[in-house]
Amino acid sequence: MKKLATLVIASALLTGCTPSIDSSSFTGSDNYEVQWTGVNGSKLFGSYVIASKSPSTPSRVEKVVTTLPYKVSFSAPKNTLISAAGGTLNQGTVEIKIFRNGSECGKVTMVGSGAMANQVCQ
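Attention in this report is confined to the structure presented alongside it. (Residues numbered from 1 in each chain as written. Predicted model: local features only at pLDDT ≥ 70, side-chain atom pairs only at ≥ 80, totals over all residues. Heavy atoms only, no water.)

## Let's talk about the overall build of the protein
Okay, step 1: The helix and strand inventory of the protein stands at one helix and eight strands.
Okay, step 2: In sequence order, the secondary structure elements of the protein are arranged as α-β-β-β-β-β-β-β-β.
Okay, step 3: The burial tally for the protein puts 26% of its 122 residues in the buried class.
Okay, step 4: Residue pairs at least 24 apart in sequence account for 66% of intrachain contacts in the protein once pairs closer than 6 positions are excluded. (Helix = DSSP H or I, 4+ residues; strand = E, 2+ residues; numbered from the N terminus. Buried < 20%, exposed > 50% of the residue type's maximum accessible area, 1.4 Å probe, protein only. Contact = heavy atoms within 4.5 Å.)

Shown next as structure tokens:
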């Protein structure tokens, strides 16, 4: 069986068969929405980061000082890392959700009294 698998792979390489990668998954942009929720009217101190994986493109950090609930929408190149954080002074719970093209990414990664919530989408 092992010899057969080796023969099949060798034949594929000799005939020019190579794995293909769909380059469209790396070009274009995605639409994002970041939402901060908690006790309505609580003062939110937070930020979100649009981090490029390309050394030639700078990352962007945006400060958020407002009241809950709050959301921001933007587009970013595909394969961008999006991160958001936030907290309140009154130790209220802050929940952060990041949506990429309408689907929620991940979950809040840190909770607790006095801890800032942090959420990442990559």
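## Section: the packing of aromatic side chains
Note on aromatic pairs: each is described by the distance of the centres and the angle between the planes.
Okay, step 1: Under the defined criterion, the tally for this structure stands at four aromatic pairs.
Okay, step 2: Judged by centre distance (5.6 Å) and plane angle (20 degrees), the ring pair of Tyr32 and Phe74 falls under stacked. With Tyr32 in strand 1 (residues 29-38) and Phe74 in strand 4 (residues 70-77), this residue pair connects regions lying 42 residues apart in the sequence.
Okay, step 3: With a centroid separation of 5.4 Å and an interplanar angle of 10 degrees, the aromatic rings of Tyr48 and Phe74 are classed as stacked. Remark: Phe74 occurs in strand 4 and Tyr48 occurs in strand 2 (residues 43-51); sequence separation between them is 26 residues.
Okay, step 4: Judged by its relative accessible area of 7%, Tyr48 is buried.
Okay, step 5: On the basis of relative accessible area, Phe74 is assigned to the buried category, the value being 13%.
Okay, step 6: A connected cluster of aromatic rings, assembled from ring pairs, spans Tyr32, Trp36, Tyr48, Tyr70 and Phe74. (Phe/Tyr/Trp six-rings, centres within 6.5 Å; stacked < 30°, edge-to-face > 60°.)

## Thoughts on unusual backbone geometry
Residues apart from glycine generally show negative phi values, whereas peptide bonds are mostly found in trans.
Okay, step 1: Look at the link from Leu68 to Pro69: it is a cis peptide, with omega at -5 degrees.
Okay, step 2: Tracing the sequence through the fold places Pro69 in the loop between strand 3 (60-67) and strand 4.
Okay, step 3: Despite not being glycine, Asn79 has its phi angle at roughly 65 degrees, a positive value.
Okay, step 4: The topology assignment puts Asn79 in the loop between strand 4 and strand 5 (81-88).
Okay, step 5: By relative accessible area, which is 37% here, Asn79 ends up partly exposed.
Okay, step 6: At Asn101, a residue that is not glycine, the phi angle is positive and equals roughly 50 degrees.
Okay, step 7: With respect to the helices, strands and loops of the structure, Asn101 is situated in the loop between strand 6 (94-100) and strand 7 (103-105).

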